[in-house]
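Structure at a glance
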Amino acid sequence: MNILDKAKNHVESLFKDKLSSVYFYHNFIHTSFAVQKAEEIIKHSQISEVEREKIILALWFHDVGFTDCNAEGHEARGAVLMRDFLRKDNFSDEYIEEVEKLILSTEKYHQPQNMAEMIMKDADFSHFASPFYNDSSEALRKEWELTGGPCFSTDEWNVLNVDFLKNKHSYFTDYAKENWEPLKQKNVKKIEKKLEKEDKPKKDKSDKKEEKSDRSVDTLFRVTLNNHTRLSDIADSKANILLSVNAIIISVGLSVLVPKLDTPKNTHLIIPTFLLLLSSVLTIIFAILSTKPNVTKTNFTKQDIADRKVNLLFFGNFHQMIFDDFQNSMRDLIKDREYIYDSMMKDLYFLGKVLDRKYKLLSITYQIFMAGIIISVLSFAYAFMTL
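In the nomenclature of an unreviewed UniProt entry, the protein corresponds to Phosphohydrolase from the organism Chryseobacterium caseinilyticum. The heading Subcellular location (unreviewed entry) in the UniProt record of the protein holds the text "Cell membrane".

1. Here's the deal with the packing of aromatic side chains
A complete count under the given rule lists 14 aromatic pairs for this structure. A centroid spacing of 6.4 Å and a plane angle of 50 degrees characterise the contact between F125 and F164, whose relative ring orientation is tilted. Of this pair, F125 sits in the loop between α6 (115-124) and α7 (133-146) while F164 sits in helix α8 (residues 154-168), and the two are 39 residues apart along the sequence. Residue F125 is classed as buried on the basis of its relative accessible area of 15%. Centre to centre, the rings of F152 and W157 are 5.6 Å apart; their planes meet at 45 degrees, and the pair counts as tilted.

2. Considerations on the packing of helix α1 (residues 3-18) against helix α3 (residues 49-61)
A pair of packed helices is captured by two measures, namely the crossing angle of their axes and the spacing between those axes. One way to put it is that α1 packs onto α3 with a least axis distance of 10 Å and a crossing angle of 5 degrees. Here α1 lies roughly parallel to α3, going by the angle between them. Counted together, I3, L4, A7, K8, H10 and V11 of α1 and R52, E53, I56, L57, W60 and F61 of α3 form the full contact between these two elements. Taken together, the residues of the contact of α1 with α3 break down into eight nonpolar, one polar and three charged.

3. Points about the nonpolar core
Counting 51 residues, the largest nonpolar core has I55, L57, L59, W60, F61, L86 and V99 as the members making the most contacts within it. Per element, the largest residue contribution to this core is seven residues, and it comes from α3. Beyond its immediate stretch of four places on either side in the chain, W60 contacts L4, A7, K8, V11, F28, T31, S32 and V35. Of all hydrophobic cores here, the second largest spans eight residues; its members include L242, L276, F369 and A383.

4. Comments concerning unusual backbone geometry
Residues other than glycine seldom take positive phi values, yet N90 does so here, at roughly 60 degrees. Within the secondary structure, N90 sits in the loop between α4 (74-88) and α5 (93-104). With relative accessibility at 69%, the residue N90 sits in the exposed group.

5. Observations concerning the UniProt feature "transmembrane region" (unreviewed entry) in the protein
The UniProt record marks residues 239-257, 269-289 and 361-385 with the feature "transmembrane region" (unreviewed entry), using the residue numbering of this structure. End-to-end, the C-alpha atoms of residues 361-385 are 36 Å apart, and along that stretch the chain is 100% helix and 0% strand.

6. Some points on the pattern of salt bridges
If you walk through the whole model with that rule in mind, you get 15 salt bridges. Residues R141 and E145 are paired through a salt bridge, measuring 3.9 Å at the closest nitrogen-oxygen approach. Residue R141 and its partner E145 are both found in helix α7; the two are separated by four residues, about one turn of the helix. In this pair, the class of R141 matches that of E145, namely buried. With its nearest N and O atoms 3.6 Å apart, the salt bridge here joins K184 to E181.

7. Description of helix α2 (residues 28-43)
Between its terminal C-alpha atoms α2 stretches 23 Å, which fits the 22 Å expected from 16 residues at 1.5 Å a residue. Contacts from the buried residues of α2 go to α1, α3, α6 and α9 (174-179).

8. Describing a nonpolar patch on the surface
Residues F274, L278, V281, L282, I285 and L289 make up a contiguous nonpolar surface patch of about 480 Å² in total accessible area. Considering the arrangement of structural elements, one finds L278 in helix α12 (residues 270-291).

9. Describing the environment of L183
Here L183 lies in helix α10 (residues 181-197). Each C-alpha atom, one on L183 and one on S130, is 7.2 Å from the other, the two residues being 53 residues apart in sequence. Ignoring any residue separated from it by four or fewer positions in sequence, one finds L183 in contact with F128 and A129.

10. Here's the deal with the side chain of H127
Checked against the element boundaries, H127 lands in the loop between α6 and α7. Assessed through its relative accessible area of 10%, H127 is described here as buried. A polar atom in the side chain of H127 sits 3.1 Å from the side chain of Y25. The contacts of H127, once residues within four sequence positions are left out, are Y25, F33, Y133 and S136.

So, how was this worked out
- Residues numbered from 1 in each chain as written.
- Predicted model: local features only at pLDDT ≥ 70, side-chain atom pairs only at ≥ 80, totals over all residues.
- Heavy atoms only, no water.
- UniProt positions renumbered as here; feature names shortened; annotations may be inferred.
- Phe/Tyr/Trp six-rings, centres within 6.5 Å; stacked < 30°, edge-to-face > 60°.
- Helix = DSSP H or I, 4+ residues; strand = E, 2+ residues; numbered from the N terminus.
- Buried < 20%, exposed > 50% of the residue type's maximum accessible area, 1.4 Å probe, protein only.
- Axes fitted to C-alpha atoms, helices over the stretch in contact; angles between N-to-C directions.
- Parallel < 35°, antiparallel > 145°, perpendicular 65-115°, else oblique.
- Contact = heavy atoms within 4.5 Å.
- Nonpolar A, V, L, I, M, F, W, Y, C, P; charged D, E, K, R; others polar.
- Core = buried A, V, L, I, M, F, W, Y, C linked by side-chain atoms within 4.5 Å.
- Salt bridge = Lys/Arg side-chain N within 4 Å of Asp/Glu carboxyl O.
- Expected span 1.5 Å × (residues − 1).
- Patch = residues over 30% accessible without salt bridge, like charges linked within 9 Å, V, L, I, M, F, W, Y side chains within 5 Å.
- Areas by Shrake-Rupley, 256 points an atom, 1.4 Å probe, with all protein chains shown as cover.
- Polar contact = N/O pair within 3.5 Å; in protein donor to acceptor, adjacent residues only side chain to side chain.

See the structure below:
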């Protein structure tokens with residue numbers, strides 16, 4: 001496997017395993033698209049194979065810094081990760097420094113100094129000329145909101161995009177100027193048309209505050225629910241580790257220790273072995289209890305639905321409804337923002353109750369495991385000392 005394929009697989013794994021789900025834009029999809037567009041420019045430029053390799057390597061790593069840091073300084077962090085990766089393949093320091101310069105050239109206000117840096121900049125902003133520009137733009141907008149960045153209304157976001165595309169961005173390579181600039185201008189015109197259509201009497205300040213407030217509440221629920229789900233995954237992962245470890249202990253104990261206990265010279269090991277196996281069994285029982293699904297199911301009437309006493313966002317409730325009733329009820333919910341928020345609050349509350357139970361059981365499980373190991377080790381030591 002050549003170094004470019006290795007880099008692709010390595011970066012894909014990093015994004016998959018370490019990138020937060022709130023990064024809707026700076027992810028493997030954007031990175032692979034930038035690599036693809038760089039190859040397109042290189043095909044129509046006088047670039048050596050060595051330079052091509054450096055450019056593609058730099059593009060694979062140019063946004064990988066988002067996996068363990070914020071937007072600020074992610075290029076420098078990506079360069080560090082690239083260094084660690086290339087050193088394992090014994091690349092020279094000079095080669096690595098040149099790739100690092102290319103990664104750092106993707107910083108927002110950096111002016112490219114050579115053809116390779118021009119390709120880096122154009123490939124990184126190639127989505128400006130994409131027919132899917134609106135989708136990538138909305139993904140970036142959502143990412144900013146969820147990572148603590150500014151929140152924009154649709155009009156504010158469109159104005160900001162038009163200003164950046166028309167006044168602050170330009171392509172550098174001849175190929176991009178000739179082939180991508182016209183497509184970028186088409187996207188600018190599409191955004192301008194949206195602004196013209198929405199050129200209605202401006203809302204007063206109170207309306208704007210309410211809209212921004214609604215957006216911040218949406219973000220609050222989204223991030224909080226996501227955090228609770230991750231905490232649940234972490235708890236399940238820890239419980240699975242304890243299950244695996246204690247299953248191994250029981251397996252080894254039954255296959256190695258227990259068969260030897262029937263001889264007179266090993267009778268002193270009966271109690272320590274029993275304590276070890278007992279603690280492992282108790283640990284497994286509590287680990288299973290902590291991961292055991294606990295789905296609450298509520299009986300309700302059509303009047304309860306009409307009175308909005310039922311959380312339709314939870315499958316334990318709506319699974320018993322016929323589709324037509326569910327569809328009509330969901331339409332009512334979608335029309336009422338307060339009803340949506342009430343349902344999300346119920347989801348958040350009951351998810352918190354499940355997490356509380358899960359972590360309490362997990363805490364007991366760890367205490368049993370720790371106490372069992374300590375007591376078993378001390379019992380074995382005492383048994384050998386009293387021989």
